[in-house]
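Coordinate analysis (summary)
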Amino acid sequence: MSPSQTTPVRALIADDEEGPREQLRAALQRLWPELDIVAASEHGVDAWDDFLAHEPELCFLDIRMPGLSGIEVARRMAATATPPQVVFVTAFGDHAVSAFDAGAVDYVMKPVDDARLGQAIARVKSRLQSAQPSPVPGPDLQSLLKQLLPAATAHKPRPIQASLGREIKLIAPEDVIYFESDNRYTRVVYREPGAAKDGEALIRTPLKELLAQLDAEEFWQVHRSVLVNSRCIASALRIDESSMVISLRGRDTQLPVSRQFQSLFKGQ
Amino acid sequence: MNRLRNFFRQLDWRVALMLGPRHRFSPEQWRRLAPLVEISPNVKVAAVINALLLSLMLVWGLPDELMLWVYAVTLLFSLAVLGLGVAVWRRPTMKRLYLAYGISIFPLGVITGMAKVLLRDRPDLVPLAHELLLRGAAFAFIAAMSIWVLAMWRNEFLADWLHDEDERAQKLELARRLSSAQIQPHFLFNSLASLQHWVNTQDERAAPLLASLTAYLRATLPLFDRQLLSIGEEAEAVGRYLEVMQARLGGRLRFSLALDPLAAQQSLPPGVLLTLVENAVEHGVQTQLSGGEVRLQASLGADGSLCVQVLDDGPGLPPDMPPEAPQAQPLSHAQSSLGLQNTRLRLQQAFGARASLCLSNRAEGGCQAELLVRPQA
């Protein structure tokens, strides 16, 4: 039943500094050779995107990272359909440590030492075997993580700048209906005051970077490549076990909801 | 008219009408004042000699047969008043002061009453009684006044002592926070994490990082023993700090130092430059996906005014952060705000109103911390 018996456990590690990241990777390879490290992300935005791409069962997250902090990434992961086990990696003197101690969140200190990492691994293994949910989704821990969220999220989102021919258009985030990205561009669909039709523009900023700048309560990620203004969502429709679509207020467009984000729409 | 109003505003009626001392202390404050209640033996002996002499003065020139009696009674009251003095010394409160007033004046009333009754059929003794009454009144007056002065002085003294104590505690706290805030354990352990990995893997980046970290510690640890430090000396520590961060962050951090030689000789409270640069790295570079650049520049104006700027090209100030006095901030800003507050406080202690520190957003993006010290007038 447990994934560790059939396939190796897959893990993601994230740290914005190369030294600690590689040190952790080396220590993990030494202490848990069967562990499959599927991604070593260089910042929070990458960590989130790599998580969506690989769906690892275990994530080691540094706390202070550019883009999204480790705590923000953990909160997002906890809300998905496949919440992973999370172990925070932090340096001595970080204000989060005292909160972690109180909240029984798994964490290891940098520089990582084998004994402490071994304990964390043992705990993670026993939880993976008993298929217990990660400690992160509990309501107490969610609120704990929320308290620890750095002020970066309080930044006022800046307007989106899109080039339309020679004109550069400034789009206020609240006017955006949704973002959809492919490998190279992100398509912005937005309300144009006075116009009958919605406006469209292409920007170069990848979706994963946009979602670090936007308010997560306002813009819901429903797919790895789709970010929707929650006020524009009219309804969600379940097609079958694995697929779901949302329709937008007063528009014909339907957008897919990937399995990971279907828990956003659970009814009350 | 205004001066009159001001005069009355400064008036404390409790003191002006001699009603009693003005400061009241909480139980917690009394507990802190407890070690101050000891009265030195010198004061005790001096008080007893005073009482003996005062009693002697009061009986001077009285008929011999009365003298001994009056002396004994006066001495008894003197000792009672001294006892009250001790009580007021220990706790200069309104209650004890009024008790002392009562006890100094009450016997006078009793004696007057008794004299009236006893002397009804001895008119020859009336002048003597008047004489005694007068001396008694003088005694009561002196006793009451001394206790009043004692209570007032002692009350002010204790209040001052508490105030000084609070101030000293505040200074100590500031010093403690400074020394613990400056070498950030977070910085140290993160650097060690990189170092350990590079040592383990025999990466050639280990040796320069260790050298920079050592130089940083050597330059920083003695920094805070001094009142003022030249900009040139502190820039040495800043340079080492930036080298360590650059080794850790790789290509994400770029920096430059531009110090005008005359400006480098100027002095600032130690730690000021380091705090500003650390802030720029933490908020302007480390939060950026693509990294950033930090620039420290210092110049001296023609009029002798010093201008130090720390520039970064990061996301700029959060919109809710007032440039002058950042106070209540969310967690991650709380620490750097504390650093800024300390910095402002130390600049103020060193230069008074001549120094100013202002954070602003740059037109080309990023944040600018500008420190100005105007020359002494």
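Residues numbered from 1 in each chain as written. Chains lettered and ligands numbered in written order. Predicted model: local features only at pLDDT ≥ 70, side-chain atom pairs only at ≥ 80, totals over all residues. Heavy atoms only, no water.

Regarding the overall build of chain B
Under the convention used in this document: Here a helix means four or more residues in a row that DSSP labels H or I, a strand means two or more in a row labelled E, and each is numbered from the N terminus. Burial status follows relative accessibility: with a 1.4 Å probe on protein chains alone, a residue under 20% of its type maximum counts as buried, one over 50% as exposed, and anything between as partly exposed. Throughout, a contact is declared for two residues whenever any of their heavy atoms are within 4.5 Å.
The secondary structure content of chain B amounts to 13 helices and seven strands. Burial analysis of chain B (377 residues in total) assigns 38% to the buried set. Long-range pairs, those at least 24 residues apart, make up 71% of the contacts in chain B between residues at least 6 apart in sequence.

As for the overall build of chain A
Per the secondary structure count, chain A includes eight helices and 15 strands. Looking at chain A residue by residue over its 268 residues, the buried ones come to 49%.

Topic: the packing of aromatic side chains
Residue and element names in this part refer to chain A. Definition in use: Geometry of aromatic contacts follows a simple scheme: Phe, Tyr and Trp rings, the Trp one being its six-membered ring, pair when their centres are within 6.5 Å, and the pair is stacked under 30 degrees between planes, edge-to-face over 60, tilted otherwise.
The final tally for this structure, using the stated rule, is 12 aromatic pairs over all chains. Where tryptophan 220 meets phenylalanine 265, the ring centres are 5.8 Å apart and the plane angle is 55 degrees; that geometry is what we call tilted. A residue pair is termed long-range when its members are at least 10 positions apart, and tryptophan 220 in strand β11 (residues 219–223) and phenylalanine 265 in the segment after β15 (254–257) qualify at 45 residues. Residue tryptophan 220 is classed as partly exposed on the basis of its relative accessible area, which comes to 27%.

Quick word on the confidence of the model for chain A
Using the following cut-off: Predictor confidence is given residue by residue as pLDDT, running from a minimum of 0 to a maximum of 100.
On average, chain A scores 83 in pLDDT, and the residues at 70 or more come to 83%. At the low end of the mean pLDDT range in chain A sits helix α1 (residues 3–6) of chain A, at 52; at the high end sits strand β1 (residues 10–14) of chain A, at 95.

Regarding the pattern of salt bridges
Applicable threshold: For this document, the term salt bridge refers to a Lys or Arg side-chain nitrogen within 4 Å of an Asp or Glu carboxyl oxygen.
Under the defined criterion, the tally for this structure stands at 28 salt bridges over all chains. With a closest N to O distance of 2.9 Å, B:Arg205 and B:Asp203 form a salt bridge. A relative accessible area of 32% places B:Arg205 in the partly exposed class. What you see here is one network of salt bridges that share partners, running through A:Asp15, A:Asp62 and A:Lys110.

Describing a positive patch on the surface
We count it as follows: A patch consists of residues exposed above 30% relative accessible area that lack any salt bridge, with like charges linked at up to 9 Å and nonpolar side chains (Val, Leu, Ile, Met, Phe, Trp, Tyr) linked at up to 5 Å. Per-residue accessibility takes into account occlusion by the displayed protein chains alone, with areas from the Shrake-Rupley method and a 1.4 Å probe. Positive charges come from Lys and Arg, negative ones from Asp and Glu, while His and the chain ends are left out of the count. Charge positions come from single atoms, namely NZ of Lys, CZ of Arg, CG of Asp or CD of Glu.
A surface patch of positive charge is lined by B:Lys44, B:Arg90, B:Arg91, B:Lys95 and B:Arg96. For B:Lys44, the location among the structural elements is in helix α4 (residues 41–59).

Structural notes on the sheet that holds strand β5 (residues 306–312) of chain B
Residues and elements named next belong to chain B. Selection rule: Following DSSP output, two strands are said to pair if at least two bridges run between them. The axes are straight lines fitted to the C-alpha atoms, using for helices just the contacting stretch, and the angles between their N-to-C directions are given from 0 to 180°.
Read from one edge of the open sheet, five strands run β2-β4-β5-β7-β6, paired in mixed fashion. With partners counted over all chains shown, the strands left at the sheet margins are β2 (253–259) and β6 (355–361), one partner each. Going across the sheet, the axis of each strand differs from the next one's by a mean of 10 degrees, ignoring polarity. Across six bridges, the pairing between β5 and strand β7 (residues 367–373) is antiparallel. Within β7, the residue paired with leucine 306 across the bridge is valine 373. Across the sheet, helix α10 (residues 231–249) touches β2, β4 (292–300) and β5, and the angle it forms with β2 is around 165 degrees. Here helix α12 (residues 272–285) sits on the sheet and contacts β2, β4, β5, β6 and β7; the angle it forms with β4, its principal contact strand, is near 155 degrees.

Considering the packing of helix α2 (residues 18–31) of chain A against helix α8 (residues 185–200) of chain B
Basically, it comes down to this: Orientation labels follow simple angle bins: below 35 degrees gives roughly parallel, above 145 gives roughly antiparallel, 65 to 115 gives roughly perpendicular, and whatever is left gives oblique. Two helices cross in a left-handed way if the nearer one is turned anticlockwise from the farther one by less than a right angle. They cross in a right-handed way if the turn is clockwise.
In the contact formed by α2(A) and α8(B), the axes pass within 7 Å of each other and the chain directions differ by 55 degrees. When the interaxial angle is binned, α2(A) and α8(B) end up oblique. Crossing angle aside, the handedness with which α2(A) passes α8(B) is left-handed. In contact with A:Glu18, A:Gly19, A:Pro20, A:Glu22 and A:Gln23 of α2(A), α8(B) contributes B:Asn190, B:Ala193, B:Ser194, B:Gln196, B:His197 and B:Trp198.

Some points on the nonpolar core
Residue and element names in this part refer to chain A. The condition is simple: For our purposes a nonpolar core is just a set of buried Ala, Val, Leu, Ile, Met, Phe, Trp, Tyr and Cys residues, chained together by side-chain atoms within 4.5 Å.
With 50 residues, the main nonpolar core has Leu61, Phe179 and Val228 as its most contacted residues. When residues of this core are assigned to their parent elements, the largest contribution, five residues, is made by helix α3 (residues 44–54). Ignoring any residue separated from it by four or fewer positions in sequence, one finds phenylalanine 179 in contact with Ile160, Thr186, Arg187, Val188, Leu207, Leu210, Leu214, Phe219, Ser225, Val226 and Leu227.

A look at helix α6 (residues 114–129) of chain A
Residues and elements named next belong to chain A. Which entries qualify depends on this criterion: Multiplying one less than the number of residues by 1.5 Å gives the expected span of a helix. The arc under discussion is defined with respect to the helix axis, by the directions toward the C-beta atoms.
Along its 16 residues, α6 runs 22 Å from first to last C-alpha, staying within 8% of the 22 Å computed at 1.5 Å per residue. Those residues of α6 lying buried are Leu117, Ala120, Ile121, Val124, Arg127 and Leu128. Down the axis of α6, the buried side of the element spans an arc of 130 degrees, and every buried residue falls inside it. Residues of α6 that are buried sit in contact with α2, β3 (58–62), β4 (85–91) and β5 (107–110).

A few points about a nonpolar patch on the surface
Residue and element names in this part refer to chain B. Nonpolar side chains collect at one region of the surface, where Met1, Leu4, Phe7, Phe8, Trp13, Leu17, Leu19 and Tyr98 lie side by side and expose about 900 Å² of accessible area between them. Take the nonpolar patch: its biggest share by element is three residues, from helix α1 (residues 2–10). Relative to the assigned elements, phenylalanine 8 resides in helix α1.

Focus: α8(B)
Compared with the 22 Å implied by 1.5 Å per residue over 16 residues, the 22 Å span of α8(B) between its first and last C-alpha is a close match. Among the residues of α8(B), B:His186, B:Phe187, B:Asn190, B:Ser191, B:Ala193, B:Ser194, B:Leu195, B:His197 and B:Trp198 are the ones counted as buried. Where α8(B) is buried, its residues touch α2, β4 and β5 of chain A together with α9 (206–220) and α10 of chain B. Of the residues one or two after α8(B), B:Gln202 is the one with positive phi, at around 50 degrees.

With respect to the sheet that holds β5(A)
Residues and elements named next belong to chain A. Judged by pairing direction, the sheet is parallel, and its five strands sit side by side in the order β2-β1-β3-β4-β5 without closing on themselves. Both edges of this open sheet fall to β2 (36–41) and β5, since each of them pairs with a single strand only. Put simply, the sheet's adjacent strands are angled 20 degrees from each other on average, direction ignored. Relative to β4, β3 is paired through five bridges, and the arrangement is parallel.

Remarks on the environment of B:Gln184
All names here are of chain B. Position of glutamine 184 relative to the elements: it lies in the loop between α7 (126–182) and α8. Judged by relative accessible area, glutamine 184 falls into the partly exposed class, the value being 26%. As a C-alpha pair, glutamine 184 and glutamate 278 span 94 residues in sequence and 9.9 Å in three-dimensional space. The contact partners of glutamine 184, leaving out residues within four places of it in the chain, are Glu278 and Glu282.

Some details on the environment of A:Ile168
All names here are of chain A. When you line up the elements, isoleucine 168 lands in strand β7 (residues 167–171). With a relative accessible area of 54%, isoleucine 168 lands in the exposed category. Leaving out residues up to four positions away in the same chain, isoleucine 168 has contacts with Gln161, Ala162 and Ser163.

Some thoughts on the environment of A:Glu18
The following threshold applies: Whenever a nitrogen or oxygen atom comes within 3.5 Å of another N or O atom, the pair is scored as a polar contact, on the condition that within protein one atom can donate a hydrogen and the other can accept it, and that pairs from neighbouring residues in sequence are kept only if both atoms are in side chains.
In this fold, A:Glu18 is placed in helix α2. Along the chain, A:Glu18 and A:Ser41 lie 23 residues apart, while their C-alpha atoms are 9.8 Å from each other. Setting aside residues no more than four positions away along its own chain, A:Glu18 makes contact with B:Trp198, B:Arg205 and B:Arg248. Among the polar contacts made by the side chain of A:Glu18, one reaches the side chain of B:Arg205 at a distance of 2.8 Å.

A few points about the pairing of β4(A)
Of all seven residues making up β4(A), seven are buried, and the element is well covered by its neighbours. The alternating pattern of β4(A) places A:Gln85, A:Val87, A:Val89 and A:Ala91 on one face and A:Val86, A:Phe88 and A:Thr90 on the opposite face, and all of these are buried.

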